[in-house]
Amino acid sequence: ASIPGLITKLFVKVGDKIKSGEHVCVLEAMKMENEITSPLSGIIKSIHIKSGITVEKGDLILEVQK
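Criteria and cut-off values
Residues numbered from 1 in each chain as written. Predicted model: local features only at pLDDT ≥ 70, side-chain atom pairs only at ≥ 80, totals over all residues. Heavy atoms only, no water. Helix = DSSP H or I, 4+ residues; strand = E, 2+ residues; numbered from the N terminus. Core = buried A, V, L, I, M, F, W, Y, C linked by side-chain atoms within 4.5 Å. Buried < 20%, exposed > 50% of the residue type's maximum accessible area, 1.4 Å probe, protein only. Contact = heavy atoms within 4.5 Å. Salt bridge = Lys/Arg side-chain N within 4 Å of Asp/Glu carboxyl O. Pairing = 2+ DSSP bridges.

(A) Structural detail: unusual backbone geometry. The phi dihedral of M30 is positive, around 55°, even though this residue is not glycine. For M30, the location among the structural elements is in the loop between β3 (23-29) and β4 (32-37). Look at K31: it is not a glycine, yet its phi comes out positive at around 65°.

Structure (structure tokens):
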């Protein structure tokens, strides 16, 4: 996570193919919704969070396998 906040929506699941820049989740911080995008293309290998979970800056959200 680039900033601390609450994960409100997940747009992907394990096994999904994604492209660089594709939205993976929504992180709510300071009453603003921030759409988090994938920095690379690949397949979702694992997801380390759930909707409704609070994350801190630097927390691992998901892993993408090239």
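(B) Structural view of the nonpolar core. I7, V12, V24, C25, L27 and L62 are the most contacted members of the largest nonpolar core, which totals 13 residues. Of the residues forming this core, the biggest block, four residues, is contributed by β3. Other than its neighbours up to four places away in sequence, L62 contacts V12, V24, I44, S46, I47 and H48.

(C) A look at the pattern of salt bridges. With the rule as written, the count across this model stands at one salt bridge. Where D16 meets K13, a salt bridge forms, and the shortest distance between an N and an O atom there is 3.2 Å.

(D) The sheet that holds β4, seen in detail. Strand order in the open sheet formed by four strands is β4-β3-β1-β6, with antiparallel pairing between adjacent strands. Both edges of this open sheet fall to β4 and β6 (54-55), since each of them pairs with a single strand only. In terms of strand pairing, β3 meets β4 through six bridges, oriented antiparallel. Bridge pairing in β4 places E28 opposite E33.

Such coordinate-based values are descriptive only and should not be taken to indicate function.
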